[in-house]
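Listed below, chain by chain, are the residues.
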Amino acid sequence: MIDDKIGKAIQALDNTKEYSHTVGDIDSITWLNGSTAIEKSVIEAKMAELQTIEDNKSDSDKGKDKLKALGLSDAEISALIS
């Protein structure tokens, strides 16, 4: 699984933006369909913020995130860990 930190940051800042980019290359962002650009420094700051949040998660929360990524609902996850 590819971790698209740039895409996650853009979506967290404004999920209405349309863009394309090469994963891992912030300089490759192309804004599409009239979407106004988000400054590179703003995207980088959001990437750092999201990384800090991820780094500070407990092992339990990281495990729940992985289960959600596999398609389990919150109710299913709760049933598994209860």
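In what follows, the structure referred to is the one given above.
Residues numbered from 1 in each chain as written. Predicted model: local features only at pLDDT ≥ 70, side-chain atom pairs only at ≥ 80, totals over all residues. Heavy atoms only, no water.

Engineer: Where do I start with the overall build of the protein in this structure?
Structural biologist: Counting secondary structure elements, the protein contains four helices and two strands. Reading the protein from its N terminus to its C terminus gives the helix and strand order α-β-β-α-α-α. Radius of gyration (C-alpha) of the protein: 16 Å, far over the 12 Å computed for a compact globule of 82 residues. When the backbone C-alpha atoms are referred to their principal axes, the protein occupies close to 45 × 25 × 20 Å. The long-range fraction of contacts in the protein, counting pairs at least 24 apart against all pairs at least 6 apart in sequence, stands at 24%. Element-wise, carbon and sulfur atoms account for 52% of the exposed surface of the protein, whose accessible area totals about 5800 Å². Mean positive and mean negative side-chain charge positions of the protein (10 and 16 charges, respectively) differ by 4 Å. (Helix = DSSP H or I, 4+ residues; strand = E, 2+ residues; numbered from the N terminus. Rg over C-alpha atoms; globule rule 2.2 N^0.38 Å. Contact = heavy atoms within 4.5 Å. Areas by Shrake-Rupley, 256 points an atom, 1.4 Å probe, with all protein chains shown as cover. Lys, Arg positive; Asp, Glu negative; His and termini not counted. Charge placed at Lys NZ, Arg CZ, Asp CG, Glu CD.)

Engineer: How should unusual backbone geometry be read in this particular structure?
Structural biologist: Excluding glycine, residues mostly have negative phi values, and the peptide bonds linking residues are mostly trans. With a phi close to 50°, Asn33 is a non-glycine residue in the positive phi region. Relative to the elements of secondary structure, Asn33 occurs in the loop between strand E2 (30-31) and helix H2 (40-55).

Engineer: What am I meant to see in the side chain of Ser35 here?
Structural biologist: By secondary structure assignment, the location of Ser35 is in the loop between E2 and H2. Note on Ser35: relative accessible area 16%, which makes it buried. If near-sequence neighbours (up to four positions away) are discounted, Ser35 is found in contact with Thr16, Lys17 and Glu18. (Buried < 20%, exposed > 50% of the residue type's maximum accessible area, 1.4 Å probe, protein only.)

Engineer: Teacher, can you tell me more about the packing of helix H1 (residues 5-13) against H2 here?
Structural biologist: Helix-helix packing is characterised by the crossing angle of the two axes and by the distance between the axes. Running from N to C, H1 and H2 cross one another at 100°; their axes reach a closest spacing of 9 Å. Relative to H2, the element H1 is oriented roughly perpendicular. The segment H1 lies against H2, with Lys5, Ile6, Lys8, Ala9, Ile10, Ala12 and Leu13 engaging Val42, Ile43, Lys46, Met47, Leu50 and Gln51. For the contact of H1 with H2, a count of residues per class yields nine nonpolar, one polar and three charged. (Axes fitted to C-alpha atoms, helices over the stretch in contact; angles between N-to-C directions. Parallel < 35°, antiparallel > 145°, perpendicular 65-115°, else oblique. Nonpolar A, V, L, I, M, F, W, Y, C, P; charged D, E, K, R; others polar.)

Engineer: I'm lost on the environment of Asp4 in this one. Help?
Structural biologist: Looking at the secondary structure, you find Asp4 in the segment before H1. In this structure Asp4 comes out as partly exposed when scored by relative accessible area, which is 21%. Through-space distance from the C-alpha of Asp4 to that of Val23 is 5.8 Å; in sequence the pair is 19 residues apart. Not counting chain neighbours up to four residues away, the residues in contact with Asp4 comprise His21 and Val23. Engagement of the side chain of Asp4 in a polar contact is seen with the backbone nitrogen of Gly7, the distance being 2.9 Å. (Polar contact = N/O pair within 3.5 Å; in protein donor to acceptor, adjacent residues only side chain to side chain.)

Engineer: Would you take a moment to explain the side chain of Lys46 for this structure?
Structural biologist: Relative to the elements of secondary structure, Lys46 occurs in helix H2. Overall, the relative accessible area of 16% leaves Lys46 in the buried class. Apart from the residues within four sequence positions on either side, Lys46 is in contact with Ala9, Ala12 and Leu13.

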